[in-house]
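Chain residues, written in single-letter form:
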Amino acid sequence: MTRYTAEIPYGAYWSTPFARWQGSFASLHSVRFAAHVARNELAKRNIDPQSIDYGVLGFSVPQQQAFYGLPWLAGLVGATRAGGPTMMQACATGVRTLLAAAQEIEAGLAEVALAVNCDRTSNGPHLYYPNPKGPGGTGASENWVMDNFGCDPLGGHSMLQTAENVAAKHGVSTARQHELVLRREAQYADALKDDSAFLRRFMTLPFDVPSADFRKSAGSLDGDEGVSRSTAEGLAKLKPAMEGGTVTYGAQTHPADGNAAILVTTPERAKELSRDPSIAVRLHGFGLARTALAHMPEAMIPAARRALDQAGRGIADMTAIKTHNPFAVNDIVFARETGADLDRMNNYGCSLVWGHPQAPMGTRAIIELVEELTLRGGGFGLFTGCAAGDTAMAVVVEVGDR
């Protein structure tokens, strides 16, 4: 059994609403936007940016000048003592950066670490790779977001094909996927009750949308933008997105934009920085796994098992479970293989519903996991999610008394 000494100060984390691509965040530079939000959220919590002595930045869609990565973001935030790496592990980036922050604290190399993740799938870069010796002196080009959604270079298949492969292997029908979509949307509706009381536990609402130059307000959001409202009748009319397949557009997530962040520190500093010093948020285990080529949704299962093994816990010990589920297939197969209760997973929402901005997606899910555990009076929780390249990462956290 492993228990990391690094802790998350309760309440020392945040997420923006997520906006469907080409929506309200489409023109915001994702790194500058993340810094803008972090500066405001740290001020709300009376946390001095100068107390942060390490940072890790995660994203999966390049932005202009992102070569300067974490040091640039930290400087914009006012955390000028903090250095650190920039990481990219597709949709597992949120867990990867959390682990990096915890490891730095565990090693005694830092005292307060900021793990911040951001992405903008909207207006993704169009890259050109020069090759003067190519035919006619031309090079190669790439549409970063769309081309990579559509083709894993290792096998030439799309992400959607991985879902179809897993659905066929496990016999998951379109109707079963649609049933789960309605369940997940109903769970998300609980987060919107009482004027979005659950979301307000970690999200500033209404959210002020800055202009592209971050000098003025360009509008506001009352919550996540572009979330679908499905009906059984509407879903039943949808045809599979691939000929001969089972996955419809209603049973998969949508690209989105946003950012989220978590502070990680020592138990002593966690008590100082916490919104409620009596609550301890402890890290117990991490897991990384890779599954067979073109079976990406399956990877979250062995990743979860590795995190649980490191924590010395079983799936039945989990008070709450959150997953990254770009496809409804993910959750159905995960529950079948692990014995998790399909209907009780992903209370208050998940990426299937609120969208898929990649790097910050896992960070938000972990934040929601902590808040759900707090509402339940504490306990252990698991987050697991797949990522491009048929991989996945998972983490086990505990919320308890100090």
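Located above this text is the structure these notes cover.
Just so it is clear, the model here is predicted, and its values are computed rather than measured. (Residues numbered from 1 in each chain as written. Predicted model: local features only at pLDDT ≥ 70, side-chain atom pairs only at ≥ 80, totals over all residues. Heavy atoms only, no water.)

Undergrad: Can you walk me through the pattern of salt bridges in this structure?
TA: Should their charged atoms come close, side chains of opposite charge can pair. One pass over the structure, following the stated rule, counts 16 salt bridges. A salt bridge links Glu371 to Arg201; its shortest N-O distance comes to 2.7 Å. Of this pair, Glu371 sits in helix α13 (residues 359–375) while Arg201 sits in the loop between α7 (193–196) and β9 (207–210), placing them 170 residues apart in sequence. A salt bridge links Glu272 to Arg269, with the nearest nitrogen and oxygen atoms 2.9 Å apart. Separated by three residues within a single helix, Glu272 and Arg269 lie in helix α9 (residues 267–273), roughly one turn from each other. Through salt bridges with shared partners, one network takes in Glu7, Arg282, Glu398 and Arg402. (Salt bridge = Lys/Arg side-chain N within 4 Å of Asp/Glu carboxyl O. Helix = DSSP H or I, 4+ residues; strand = E, 2+ residues; numbered from the N terminus.)

Undergrad: Quick question: what am I supposed to make of the nonpolar core here?
TA: Nonpolar side chains tend toward joint burial in soluble globular proteins. With 127 residues, the main nonpolar core has Leu73, Leu98, Val264, Leu283, Phe334, Leu382 and Val395 as its most contacted residues. Those residues in contact with Val264, other than ones at most four positions away along the chain, are Ala6, Glu7, Ile8, Pro9, Leu98, Ala101, Ala102, Ile105, Glu111, Val112 and Ala113. (Core = buried A, V, L, I, M, F, W, Y, C linked by side-chain atoms within 4.5 Å. Buried < 20%, exposed > 50% of the residue type's maximum accessible area, 1.4 Å probe, protein only. Contact = heavy atoms within 4.5 Å.)

Undergrad: I would appreciate a short explanation of the packing of helix α6 (residues 174–191) against helix α11 (residues 328–338) in the present structure.
TA: A pair of packed helices is characterised by two quantities: the angle between their axes and the separation of those axes. The interhelical angle for the contact between α6 and α11, taken along N-to-C directions, is 100°, at an axis separation of 9 Å. Considering their axes alone, α6 and α11 lie roughly perpendicular with respect to each other. Judged by residue contacts, Arg176, Gln177, Leu180, Val181 and Arg184 of α6 engage Ala328, Val329, Asp331 and Ile332 from α11. Each residue belonging to the contact of α6 with α11 can be placed in one class, and the counts come to five nonpolar, one polar and three charged. (Axes fitted to C-alpha atoms, helices over the stretch in contact; angles between N-to-C directions. Parallel < 35°, antiparallel > 145°, perpendicular 65-115°, else oblique. Nonpolar A, V, L, I, M, F, W, Y, C, P; charged D, E, K, R; others polar.)

Undergrad: Explanation requested: helix α5 (residues 159–170) in the structure shown.
TA: An α-helical segment advances 3.6 residues per turn. Residues three or four places apart therefore align on the same side. Compared with an ideal rise of 1.5 Å per residue, which puts twelve residues at 16 Å, α5 spans 17 Å between its outermost C-alpha atoms and is within 8% of the ideal. Check the buried side of α5 and you find it contacts α6 and α11. After α5 finishes, the residue Gly171 shows a positive phi value of roughly 65°. (Expected span 1.5 Å × (residues − 1).)

Undergrad: Just to check I follow, could you spell out unusual backbone geometry for this structure?
TA: Look at the link from Leu205 to Pro206: it is a cis peptide, with omega at -5°. Within the element layout of this structure, Pro206 appears in the loop between α7 and β9. Phi at Ala294 takes a positive value of approximately 70°, unusual for a residue other than glycine. On the secondary structure map, Ala294 appears in the loop between β12 (279–290) and α10 (300–311). Located in the positive-phi region is Gln358, a residue other than glycine, with phi close to 70°.

Undergrad: I'm lost on the pairing of strand β11 (residues 256–265) in this one. Help?
TA: Put simply, side chains in a regular strand alternate between the two faces of the sheet. With ten of its ten residues buried, β11 lies for the most part within the structure. Judged by which residues are buried, β11 turns out to be covered on both faces: Ala256, Gly258, Ala260, Ile262 and Val264 on one side and Asp257, Asn259, Ala261, Leu263 and Thr265 on the other are all buried. Here three bridges tie strand β2 (residues 13–15) to β11, and the two strands are oriented antiparallel to one another. Across the sheet, Tyr13 pairs through a bridge with Ile262, a residue of β11. Here strand β3 (residues 19–20) pairs with β11 via two bridges, running antiparallel. Considered in β11, the bridge of Ala19 is made with Asp257. The pairing of strand β6 (residues 112–120) with β11 spans nine bridges and is classified as antiparallel. Pairing of Asn117 across the sheet is with Ala260, part of β11. (Pairing = 2+ DSSP bridges.)

Undergrad: When you look at the packing of aromatic side chains in this model, what are you seeing that I'm missing?
TA: What the rule picks out here adds up to ten aromatic pairs. With a centroid separation of 5.2 Å and 80° between ring planes, the pair formed by Phe18 and Trp354 is classed as edge-to-face. On the criterion of sequence distance, the pair formed by Phe18 in the loop between β2 and β3 and Trp354 in helix α12 (residues 351–354) is long-range, its members being 336 residues apart. Pair check on accessibility: Phe18 and Trp354 agree, each one buried. Grouping aromatic residues by their ring pairs yields a cluster made of Phe25, Phe33, Phe207 and Phe214. The cationic tip of Arg364 hangs over the ring face of Phe18; the distance from NZ or CZ to the ring centre is 4.9 Å. Taking NZ or CZ as reference, Arg364 lies 4.2 Å from the ring centre of Trp354, over its face. (Phe/Tyr/Trp six-rings, centres within 6.5 Å; stacked < 30°, edge-to-face > 60°. Lys NZ or Arg CZ within 6 Å of the ring centre and 35° of its normal.)

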